[in-house]
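Report on the structure
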Amino acid sequence: MIPVTNETKSTCPYCGVGCGVVIESRGNQITGVHGDPDHPANFGRLCTKGQSLHLTAAPQVNQQTRLLTPQWRPVRGQPPQALDWDAAMDMASQRLAAIVQNHGPDALGFYISGQLLTEDYYAFNKLAKGLLGTNNIDSNSRLCMSSAVAGYKMTLGADAPPACYDDIAQAQCLFIAGSNAAWAHPILFRRIEDAKRANPTLKMVVVDPRRTDTADMADLHLAIQPGTDVMLFHGLLHIMLAQAWTVPDYIAAHTSGFEALQARVAEYTPQHVAQICGVPEADLYTAARWFAGVQEGNEGSHRGGSERAPTLSLYCQGLNQSSSGTAKNAALINLHLATQQIGRPGAGPLSLTGQPNAMGGREVGGMANLMSAHRDLANPQHRAEVAALWGVADVPAKPGLTAVEMFEAAADGQIKALWIACTNPAQSMPDQTTVRRALQRAEFVVVQEAFATAATCDWADLLLPATTWGEKEGTVTNSERRISRVRAAVPAPGLARADWAIAADLGQRMAVALGRPQDARLLNYTTPEAIWNEHRASTKGRDLDITGLSYDLLETAGPAQWPLPEGASTGQDRLYTDGQFATADGRARFAAVSWQPVSEERVSQFPFSLTTGRLRDQWHGMTRTGTAGRLFAHSPEPCVQINPQDALRLDLQDGELVQVRSKRGSLVLPVQASAQVAASQAFIAMHWGPEVLGGRGQEGQQGQAGLGVNGLTTSSYCPSSKQPELKHAAVQITRAALSSPSAWHLSAMAWLPSDTVWTVRQKLQKQLPQFDFAYLVPFTDPSAALTDPNPRTGLLLRAACSQAADAGLLHSVAEALGLNGADTLHYQDAVRVQRRSVQLSAPDESASASPGLRQLQGFLTAGDSRSARWLKTLLQEGTRLNWPARQWLMASDAPPEGAAPVSRQVCSCLNVREDAIAACLQSQTGSEDQRLAGLQSQLRCGTQCGSCVPELRKIIRLVPQNA
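Residues numbered from 1 in each chain as written. Predicted model: local features only at pLDDT ≥ 70, side-chain atom pairs only at ≥ 80, totals over all residues. Heavy atoms only, no water.

Further remarks concern the overall build of the protein. On a plain count of helices and strands, the protein comes out with 32 helices and 38 strands. Relative to the compact-globule value of 30 Å for 963 residues, the protein shows a C-alpha radius of gyration of 28 Å, a close match. In the protein, which comprises 963 residues, the share counted as buried stands at 64%. Within the protein, residue pairs in contact and separated by at least 24 positions form 72% of the contacts whose partners lie at least 6 positions apart. Summed over all atoms, the accessible surface of the protein reaches about 32,900 Å², with 50% contributed by carbon and sulfur. (Helix = DSSP H or I, 4+ residues; strand = E, 2+ residues; numbered from the N terminus. Rg over C-alpha atoms; globule rule 2.2 N^0.38 Å. Buried < 20%, exposed > 50% of the residue type's maximum accessible area, 1.4 Å probe, protein only. Contact = heavy atoms within 4.5 Å. Areas by Shrake-Rupley, 256 points an atom, 1.4 Å probe, with all protein chains shown as cover.)

Right under this line is the structure:
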């Protein structure tokens, strides 16, 4: 009997857009996912990541990648051993209690996550600040949104984004700063595309050093130099003042501090700003006029702000991840206040949240400087209110250590124990050398995680299995202050527990271990709803009051925006519509911040500005998306991108290995020329961490192997928000010695059984540090549908050494990939240190026209591995050839007939490639929109999630029409 398919409404666990999803399940297995047409964040749309969520929850993935039982390491560096929950929690509570008794509660550090649910966050916050008495609890949201928080509070008085998604359709100008929304927030970008189609007069300004897919769609791209955002925003205000484009009446009635800001921006002349930012003066005037909402021809108009064309700004990590992050956010909000572009439809600043529940974590105070319901730790009255709510004598006043500070303190021996939940600092934190030293020096490291494959798990003394998407119950809050339910569709696998339940269990046991059993009541929760109700009570009278909301109302009426106080029927879509702000006097505050350059400027030794950012189909450290091989198709392998002119000047060819070096570390990567990157700049995707990139370094580079991209980044942070400058580091880029003809190279690739591929991946990951350079990525059958729950999957390993690798290492790699068996052909030249292994399918004798055809199943080329470039094509495409064995083994770098290179994939949903798109466009005529429509009609690319539409438009502009 076939099990009935059930449908469960929930929320996507990726970015902060907060898309509603419908989970399809049969029995204990998630079988599919589609967008929830009733959810107001996405109305049924999903990006490629969301559409493939079920692939990351497939049984064969869970069995190989999930942490399914508590485990501990009697000796660090050794494989962990399983134990039961009672033993695990007793060990944790006793070890932590001993540290508290010997060193005080501030010897503990809790590092949690914007991927936790609000209920999880609340329980951890109460555990640390209420029961244990330490404010050393911070979140990876510190790396994501803390500068946006500080900017809102500095100017508007509260951490409350004032606009909403509906404003996109009502704006006349979209000002997008430091955000590649086309890739980082794809479904929100669909709304931008809709708005542009519906309103041809809508202006779009994009501020970004790179010409991203978002910038490519802009009417005006301000390609500023990295870190010059404050200079730009002050320069725009200077122009607005000179042209009388501000709104003096609004400024006088609803703000304070404008005189100081006016004096500050006087020196930010168009000439000076253009020189520092690297943009034309004329573009500054255009951007200022569009932002102010002044129509062309009415530049001298003194119309009130309510009559101006509305401007909505959207911004993300380009502003946040900076040593001047708070200043950047505040300077942008200054522009909104000066031109009355706030508190009305289509207008306002709207920060785009990077994680699914960074907002919810801020709501419950789950960071080192915050308390429940947007209360401030530094405020004695706020601390007293929380203490009364929790029933404790007090909440500690001493500021807690933020993320970077916490790991620096652990590296220095100040923090004795680290509890890490639902985040992967061994991949995502900057300055990985310091992070590794912290994990090594801490006396006790607990990692609470769903996936055993996260890099941080290798450093844990105790591993605790947590539930994840599809198994959890609770709530999250998205970028527009909308609270959505997260629901479980299937039971937790193995012994995994909800994060809030683990925190509550720990708290109760620690109360006993510390000799305070009466305090166990503080975390006596049995359901997530009970936690949420306590959180709800804490919001009464606050700016985010949700006393009118309940689980029942979310169940019947759907997602709701805050504030929604008791007695209100609906939430509030826009804030500050009456000009009253969340400050003591009700006035917004202008911030007279000054421009400061990046913390690490380019110098002769480090002449490139390295920026980091997202790929279209990946998310964060790829702990989840990395288990769906299909999501690697668009960006299949790591690389560093530089401007084509820089590549020409350095005499570098695409694919050649280069060494990228900063003051903190070095990384070897293939180079790729890209016109998206400006001269003297470089780009590496933030996702390429130690789970993918390895190697022990070379050319005299010292330090640990396998640090990934964040082995390069700096831990310098904004003094106000404490958010690190992950977006910029000064680097040197040189040809790696591994690119020389004398270097030894390895390429190995094979299809693997679905029930072993991820286990093999983990085995090979442990081999990566034995090479000077290496990366390991999965791939899948390109013809498989995105919805296929079990696509054919394989692994690709590329490595290099200055000298030939040990024969035993080669044997281990071949063995893991199944290339040592009797079905594999081998060639070896000991003198030239060459090895080739080829695994072929059995001859297909059923083909009447061409019997005896074979397919490539796997290969390994070592020494001279140039033939791997076309062998890879044959393997992935499943090309059938009737070659003799000798031709397979002795093939050179020149591809023989039948091995043409494969074009790059553009549409992940339907596997449509660039060559097919270009061929189809040959017959398409008309406008860009008409050619796009014809392309979509014939190939269907861009008709599902829409993530590839910006790229399709770019290709359309490059492919000329036939006369």
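So, about the confidence of the model for the protein. The predicted coordinates of low-pLDDT regions are not to be read in fine detail. Mean pLDDT for the protein: 94, with 96% of residues reaching 70 or above. When the criterion is pLDDT under 50, residues 699–703 qualifies, and its contacts beyond four places in sequence or with other chains add up to 11 contacts. (pLDDT = per-residue confidence, 0-100.)

Okay, the packing of aromatic side chains next. By convention here, two paired aromatic rings are described through the distance between centres and the angle between planes. This structure, assessed with the given rule, holds 12 aromatic pairs. Taking the centre distance of 4.8 Å and the plane angle of 55° together, the rings of phenylalanine 258 and phenylalanine 590 count as tilted. One end of the pair, phenylalanine 258, is in helix H12 (residues 258–265); the other, phenylalanine 590, is in the loop between strand E22 (588–589) and strand E23 (608–613), with 332 residues separating them in the sequence. In terms of burial, phenylalanine 258 and phenylalanine 590 fall into one category: buried. Through successive ring pairs, a cluster of aromatic residues spans Phe110, Phe124 and Trp419. A cation sits over an aromatic face here: arginine 210 above phenylalanine 683, 3.6 Å from the ring centre. Against the face of tryptophan 562 rests arginine 481, its NZ or CZ located 5.7 Å from the ring centre. (Phe/Tyr/Trp six-rings, centres within 6.5 Å; stacked < 30°, edge-to-face > 60°. Lys NZ or Arg CZ within 6 Å of the ring centre and 35° of its normal.)

Here glutamine 659 is to be found in strand E25 (residues 657–661). With a relative accessible area of 1%, glutamine 659 lands in the buried category. One polar contact links glutamine 659 to arginine 661, side chain to side chain, over a distance of 3.0 Å. (Polar contact = N/O pair within 3.5 Å; in protein donor to acceptor, adjacent residues only side chain to side chain.)

A separate point is the environment of glycine 109. With respect to the helices, strands and loops of the structure, glycine 109 is situated in strand E6 (residues 108–112). With 798 residues separating them in the primary sequence, glycine 109 and cysteine 907 have C-alpha atoms 43 Å apart. Every residue in contact with glycine 109, bar those within four places of it in the chain, is listed here: Asn136, Met406, Ile415, Ala417, Leu418 and Trp419.

Attention shifts here to the sheet that holds strand E29 (residues 729–735). Strands sit in the order E23-E27-E24-E26-E25-E29 around a closed barrel of six strands; the barrel is mixed. Each strand of the sheet is rotated relative to its neighbour by a mean of 45°, with strand direction disregarded. Of the pairings in the sheet, the one linking E23 to E29 comprises three bridges and is antiparallel in character. Note that in E29 the partner of serine 609 across the bridge is alanine 730. (Pairing = 2+ DSSP bridges. Axes fitted to C-alpha atoms, helices over the stretch in contact; angles between N-to-C directions.)

Quick look at the pairing of E25 now. Put simply, side chains in a regular strand alternate between the two faces of the sheet. By the criterion of burial, E25 is predominantly enclosed, with five of the five residues buried. What you see with E25 is no split at all: Leu657, Gln659 and Arg661 on one side and Val658 and Val660 on the other are buried throughout. In terms of strand pairing, E25 meets strand E26 (residues 666–673) through five bridges, oriented antiparallel. The residue bridging leucine 657 from the neighbouring strand is proline 670, located in E26. The pairing of E25 with E29 spans four bridges and is classified as antiparallel. In the strand pairing of E29, arginine 661 is matched with glutamine 732.

Moving on, we come to the sheet that holds strand E2 (residues 20–26). Each strand in a sheet pairs with another by means of backbone hydrogen bonds, the pair being arranged parallel or else antiparallel. Ordered in space as E1-E2-E3, the three strands form an open sheet in which the pairing is antiparallel. Edge positions in the open sheet fall to strand E1 (5–11) and strand E3 (29–35), since each of these has one partner strand only. Across the sheet, the mean angle from the axis of one strand to that of its neighbour is 30°, orientation sign disregarded. Where E1 meets E2, seven bridges bridge the pair, whose relative direction is antiparallel. Looking at E2, one finds that serine 10 is bridged to valine 21.

A few words now on the packing of helix H30 (residues 914–921) against helix H31 (residues 928–939). Two elements in contact, H30 and H31, have axes separated by 10 Å at closest approach and are oriented at 120°. Relative to H31, the element H30 is oriented oblique. The crossing of H30 and H31 is right-handed. Residues Ala916, Ile917, Cys920 and Leu921 of H30 pack against Arg931, Leu935, Gln938 and Leu939 of H31. A per-class count over the contact of H30 with H31 returns six nonpolar, one polar and one charged. (Parallel < 35°, antiparallel > 145°, perpendicular 65-115°, else oblique. Left-handed = near helix turned anticlockwise from the far one by under 90°. Nonpolar A, V, L, I, M, F, W, Y, C, P; charged D, E, K, R; others polar.)

Among the five residues of strand E9 (residues 203–207), four are classified as buried, and the element is accordingly described as predominantly covered. Sheet topology places strand E8 (residues 173–177) next to E9; five bridges connect them, and they run parallel. Bridge pairing links alanine 177 to valine 207 in E9. The sheet contact formed by E9 and strand E10 (residues 220–222) spans three bridges and is parallel.

On inspection of all chains with the given rule, the structure shows 46 salt bridges. Between lysine 328 and aspartate 229 there is a salt bridge, and its shortest N-O distance comes to 3.1 Å. Taken as a pair, lysine 328 in helix H16 (residues 325–338) and aspartate 229 in helix H10 (residues 229–242) lie far apart in primary sequence, 99 residues in all. Look at lysine 328 and you get buried, because its relative accessible area is 4%. Between aspartate 505 and arginine 509 there is a salt bridge, and its shortest N-O distance comes to 2.6 Å. Note that aspartate 505 and arginine 509 are positioned in helix H22 (residues 499–513) at a spacing of four residues, about one turn of the helix. Across this residue pair, the class does not change: aspartate 505 and arginine 509 are buried. Counted as one network, the salt bridges with shared partners bring together Arg211, Asp216, Glu928, Asp929, Arg953 and Arg957. (Salt bridge = Lys/Arg side-chain N within 4 Å of Asp/Glu carboxyl O.)

For the rest of this paragraph, the subject is helix H13 (residues 270–277). Listed as buried for H13 are Pro270, Val273, Ala274 and Cys277. Projected down its long axis, H13 carries its buried residues within an arc of 100°, all on one side. Against H10 and helix H14 (281–292) lie the buried residues of H13. Glycine 278 occupies a position one or two residues after H13 and carries a positive phi of about 80°. (Arc of directions from axis to C-beta.)

Moving on to the side chain of serine 179. Mapped onto the elements of the fold, serine 179 is located in the loop between E8 and helix H7 (181–184). Using a relative accessible area of 2% as the deciding quantity, one classes serine 179 as buried. Separated by 3.3 Å, the side chain of serine 179 and the backbone nitrogen of alanine 181 make a polar contact. Setting aside residues up to four positions removed in sequence, serine 179 forms contacts with Asp208, Thr214, Tyr315, Cys316 and Leu352.

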